[in-house]
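Each chain, written out:
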Amino acid sequence: MNVTRFTVNPKLPEPLAPLSELAHNLWLGWNYDAVALFTRLDYDIWVESRENPVQTLAMVSQERLRELAADDSYLAALNNVYERFTRYRNGETWYKGSHHDVVAYFSMEYGLDVSLPIYSGGLGMLSGDHMKTASDLGLPLVGVGLLYRQGYFQQYLNADGFQQESYPENDWYNMPVRRCRTEEGGDVKIEVQIGPAKVIARVWQVNIGRISLYLLDTNIDDNPEDLRTITATLYGGTKETRIRQEILLGVGGIRALRKLGINPAVTHMNEGHSAFLGIERIRELVEREKLTTAQAIEALKPTNIFTTHTPVPAGNERFPVELIHTYADSLIAGTGLTRDQFMALGRENPSDHQEHFCMTVLALKLSGYNNGVSKLHGEISREMWQGIWPQVPRSEVPISSITNGVHVRTYAAQDIIDLLDRYFGPRFGEEPTNLEIWNRMDRISDEELWRAHERCKLRLVAFARDRLRNQLERRGLTGNHLLQAKEALSPTTLTISFARRFATYKRGALLFRDPERLIKLLSDPERPIQLIFAGKAHPHDLPGKNLIKEIVHFASQPEIRSKIVFLENYDISIAQYLVSGSDLWLNTPRRPLEASGTSGMKAAINGVLNCSVLDGWWAEAYTPEIGWAIGYGEEYADPDMQDEIESKALYDLLEREIVPTFYTRGQDGLPREWITRMKASMSAIGAQFSSYRMLVEYSERFYFPALENYHQVSGDQYAEARQIAAYMEKIRHAWNDLRVEAIERPDTSSLEVGDTIEVGATVRLGRLSPEEVQVELYYGRMSSKTEIVAAGRITMQPVTHKDGVHRYRGTITLEAAGRQGFSVRVIPRHDSLVDQFHPGLITWA
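Predicted model only: the values in this text are computed from it and were never measured. Along each chain, numbering runs from 1 in the same order as the chain's sequence is written. The model is predicted, so local features are restricted to residues of pLDDT at least 70 and side-chain atom pairs to those at 80 or more, both for listing and for counting; the totals for chains, interfaces and linings are taken over all residues. Side-chain metrics in this entry use all non-hydrogen atoms of the structure; hydrogen atoms and water are not considered.

## Quick notes on the packing of helix α11 (residues 293-300) against helix α28 (residues 691-734)
Relative to each other, α11 and α28 sit at 110°, their axes nearing to 8 Å. In this view, α11 runs roughly perpendicular relative to α28, as classed from their interaxial angle. As for how α11 packs across α28, the hand of that crossing is right-handed. Facing A294, Q295, E298 and A299 of α11, the residues of α28 in contact are V713, Y718, A721, R722, I724, A725 and M728. Its residues placed into classes, the contact of α11 with α28 shows eight nonpolar, one polar and two charged. Axes, fitted as lines to C-alpha atoms, cover a helix only where it is in contact. Angles between the N-to-C directions of the axes lie from 0 to 180 degrees. A run of DSSP states H or I qualifies as a helix once it reaches four residues; a run of E qualifies as a strand once it reaches two. Both are numbered from the N-terminal end. Working definition: roughly parallel below 35 degrees, roughly antiparallel above 145 degrees, roughly perpendicular at 65 to 115 degrees, and oblique for all remaining angles. By definition, turning the near helix anticlockwise from the far helix through less than a right angle yields a left-handed crossing, and turning it clockwise yields a right-handed one. We call two residues in contact whenever any of their non-hydrogen atoms come within 4.5 Å of each other. For this classification, Asp, Glu, Lys and Arg are treated as charged, while Ala, Val, Leu, Ile, Met, Phe, Trp, Tyr, Cys and Pro are nonpolar and the rest, including Gly, are polar.

## Overview of the packing of aromatic side chains
For Phe, Tyr and Trp, rings pair up if their centres lie within 6.5 Å, where Trp contributes its six-membered ring, and each pair is then called stacked (planes under 30 degrees apart), edge-to-face (over 60) or tilted (otherwise). Enumeration according to the criterion identifies 34 aromatic pairs in this entry. Judged by centre distance (6.1 Å) and plane angle (25°), the rings of Y698 and Y703 are stacked. For each residue, the accessible area found with a 1.4 Å probe, counting protein chains only, is set against the maximum for its type, and the residue is called buried under 20%, exposed over 50%, and partly exposed in between. Judged by its relative accessible area of 2%, Y703 falls in the buried class. Grouped by ring-pair contacts, the aromatic residues F498, F502, F512, F533, F554 and F566 constitute a single cluster. Here the basic side chain of R210 rests over the ring of Y88, its NZ or CZ set 4.0 Å away from the ring centre. Here the guanidinium or amino end of R500 rests over the ring plane of F498, the centre of that ring lying 5.0 Å away. In this scheme, the term charge over a ring applies when either NZ of a lysine or CZ of an arginine sits within 6 Å of the ring centre and within 35 degrees of the ring normal.

## Things to note about the pairing of strand β6 (residues 189-194)
Here β6 shows one buried face, formed by I190, V192 and I194, and one open face, formed by K189, E191 and Q193. Both β6 and strand β7 (residues 197-208) contribute to a ladder of six bridges, which runs antiparallel. The residue bridging K189 from the neighbouring strand is R202, located in β7. Between β6 and β7, which pair antiparallel and follow one another directly, the connecting turn spans two residues, one of which, G195, has a positive phi of 65°. Strands pair, by our definition, only if DSSP identifies at least two bridges between them.

## Thoughts on the packing of helix α7 (residues 122-137) against α28
The geometry of a pair of packed helices is captured by two quantities: the angle between their axes and the separation between those axes. Between α7 and α28, the shortest axis-to-axis distance is 9 Å and the interhelical angle comes to 80°. For the element pair α7 / α28, the angle class is roughly perpendicular. From α7, L126, D129, H130, T133, A134, D136 and L137 reach across to α28, where they touch S691, Y692, M694, L695, V696, Y698 and Y703. When the residues that make up the contact of α7 with α28 are grouped by side-chain class, the tally is nine nonpolar, three polar and two charged.

## What to know about helix α23 (residues 572-581)
The element α23 is largely enclosed, with a buried count of eight among its ten residues. Here α23 has its buried residues at I572, S573, I574, A575, L578, V579, S580 and G581. Polar contacts, as used here, are pairs of N or O atoms within 3.5 Å; protein pairs need one atom able to donate a hydrogen and one able to accept it. Residues neighboring in sequence count only if both atoms are side-chain atoms. For α23, the N-terminal cap is D571; the gap from its side-chain oxygen to the backbone nitrogen of S573 is 3.2 Å.

## Topic: the sheet that holds strand β15 (residues 494-499)
Ordered in space as β17-β16-β15-β18-β19-β20, the six strands form an open sheet in which the pairing is parallel. Two strands bound the open sheet, and with one partner strand each, they are β17 (564-567) and β20 (627-630). On average, each strand axis in the sheet is tilted by 20° relative to the strand beside it, whichever way the strands run. Of the strand pairs in this sheet, strand β18 (residues 584-587) and strand β19 (residues 609-613) are connected by four bridges, and their pairing is parallel.

## Remarks on the pattern of salt bridges
Between Lys or Arg on one side and Asp or Glu on the other, a salt bridge is scored when a side-chain nitrogen of the former is within 4 Å of a carboxyl oxygen of the latter. For the structure shown, the criterion picks out 62 salt bridges. Across the pair K457 and D583 runs a salt bridge, and its minimum N-O distance is 2.4 Å. Here the residue K457 occupies a position in helix α19 (residues 446-474), and D583 occupies one in the loop between α23 and β18, the gap between them amounting to 126 residues. The class of K457 is buried, set by a relative accessible area of 4%. Among the salt bridges present, the one from E473 reaches R469, with a minimum N-O distance of 3.2 Å. Placement of both E473 and R469 in helix α19 is noted, with a separation of four residues, approximately one turn of the helix. By relative accessible area, E473 is classed as partly exposed at 37%. Exposure remark for R469: the relative accessible area of 38% places this residue in the partly exposed category. Bridged by salt links that share partners, the residues R179, R181, D187, R202 and D217 form one connected network.

## Observations concerning the environment of L593
In this fold, L593 is placed in the loop between β18 and α24 (599-604). L593 sits in the partly exposed class, given a relative accessible area of 25%. As for L593 and A275, which are separated by 318 residues in sequence, their C-alpha atoms are 23 Å apart. Leave out the neighbours within four places in its chain, and L593 touches P311, V312, Y505 and D615.

## A word on the environment of L518
Mapped onto the secondary structure, L518 falls in helix α21 (residues 515-523). The class for L518 is buried, based on a relative accessible area of 0%. Linking L518 and D643, residues 125 residues apart in sequence, is a C-alpha distance of 15 Å. Contact partners of L518, with chain neighbours within four places excluded, come to L511, F512, I529, L531, F554 and Y651.

## Looking at the sheet that holds strand β25 (residues 797-802)
Strand order in this open sheet of four strands is β21-β22-β26-β25, and the pairing throughout is antiparallel. Bordering the open sheet on either side are β21 (739-744) and β25, each of which pairs with just one other strand. Across the sheet, the mean angle separating the axes of adjacent strands is 25° when strand polarity is ignored.

## Describing the environment of I658
As for its placement among the helices and strands, I658 is situated in helix α26 (residues 639-663). Look at I658 and you get buried, because its relative accessible area is 0%. Along the backbone, I658 and H377 are 281 residues apart, and their C-alpha atoms lie at a distance of 28 Å. Non-local contacts of I658, meaning those with residues more than four positions away in its chain, are made with L494, L584, C611, W628, L653 and W674.

So this is what it looks like as structure tokens:
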């Protein structure tokens, strides 16, 4: 059938024209007054559209639009919001530098708004908050991702409580995205050779306040059907689908930015999915700047940033050798890399030709800046990937950490935002990086904070009942069965929520390990608790699906049916109700498998208290004044023993501390001790775990240095890159001849704190000069495993030399008592190296 396609836009009366611009900018999502403009158009339509402002405009009748165009109160509200939006977009920002060269932020998913379903879980939520915060700070940053025709799956449960999936099609023409156009009015398209196939992708744009996100779409007529499905679903399909998506994201993303006239001077890979962008940037440097492959890699690394998000093996993408070989030749065409050199970049052990190709390893090897997403996760990542840097001590493996944070105005309820704006003052909105302002929590009275929390809780209960009724009706239940929804939950009962991805390591059913003890807590006539669960299991994760089924079956018991609710199809909208209306946020991961987690942060900024295992962000946030810890940070070899011990610890906390604290009320009916914890939690976590702190950290530690590196390394026709490559080639050829021949050991028989010892070392440098290496004293406390821990480093100075043999000297000041030790090592030294540690280039005495 030959179909002519066209798009019809809503016809807005002139006074309502700003609504279109607001609808197509996700700034709306973190400004409640702006959202209110669309709910006032027609609340039922707003709900039916799944809170999609573009769809709402398309569905509202012309009669209603004309009516509002003559409504002076509505126009006053519209003009006020639009004026504030214009001031935001054009106003002064924290960042005041150039926007000529940008940081390009790549992520497989973005959790920006419920109206844009291109996210699945925590990684996407973090990406969304990253983009919003970059807009607030005015950073020179753009995002790159994929436009999924079906997004992530929609979850529903069958009558037996087993998760089912549906994949509705997204109608992009009624969503807050727009096609990028050329000057001639056509679509902006790019072409990528993916294995044997030439793939063409169209580019779409999402406006996020001041900045933009660009999304690639292969579902166009230019491609045959098998290529159109590359961007069909998020995390769906086979390994072959995944590698095609990741080539498109990494390679196609760079090409899309070039096509749009944007220079990605710095690239930031949010997880390893986009790591092929490094190969594309190497190709550009080789073909356009006439660099050698080695020179191109040295030009790339100081401008490449990688954030790893998971210590779970499944989260680190690996492709079988046979599969990667299918796509390798098209990937490396024009780079100068041989297939073996390319494969070595994706292997921890380059000489193991059977090792699968790992995207995380590729990203780590091509980046000058690497980080985990919490302090604990940084430690785990250094241990996990230490094999890439043999002989480098674990504490010095070049992976740092920047703990995640959350975008406050997206997840704080309107009642809470109103309180914060009123008592923190205008600087709260105007100076987002002024995090000390959270110390003003004590200005808010206990009464006001508790009443705001009660309103949030009432809304959560009403929302949960409505969703539960819809779930039951969809299953075909009627009559008395629907009373279950009407009677579910109570706005005065201690409400505990558990909402996250149902992966088995998150232990969603830990609270159900002792059913009798739990039922006693749920059924207490004076001090009951109630539970709300939400979350999706991956379609292929049968154990995760069984966890959900177990919870639903337990909740179906008549005596507790109104006390436990499972909300289907967890998304941003549900999350906003839960993190604002719960009393306690429960998190039970199997330490140390939670990289960070951010849902507890979102709960905390609303005054919801946390009860969690000391893993991820909570391991560094917890103090007894702001919440509760399950255990003391132990790790167990026996998972069943861990579950038994930690489930008992959780019951003990609930029975002895949490429940009594919540229900202990004064004559005014207020739980004063609970409110004191709420204030302490909001103050501490609002400041320490704000996405503004996170983005300032990324900017000052990574983005600004990397942008400076770009200008430095690209100047004078990439002279510095050529120089570094020549230096590294010399170092690698000469390194095997380098050795520490002797250490002159001082008398250590009788030493006290404050003494100094002088150490000498004889080092054969061979063909290298003292200016090309750094000889170091490495010293510190000795562990029970005879390893140096909490080590210090002192650069030793050359004192004499003869025939390529140099004598070095260094002095250690003894600052602590106990068993101590030292050694001598040699590493490369060049002023332009971002990091001193390179695989295979460290020599110990």
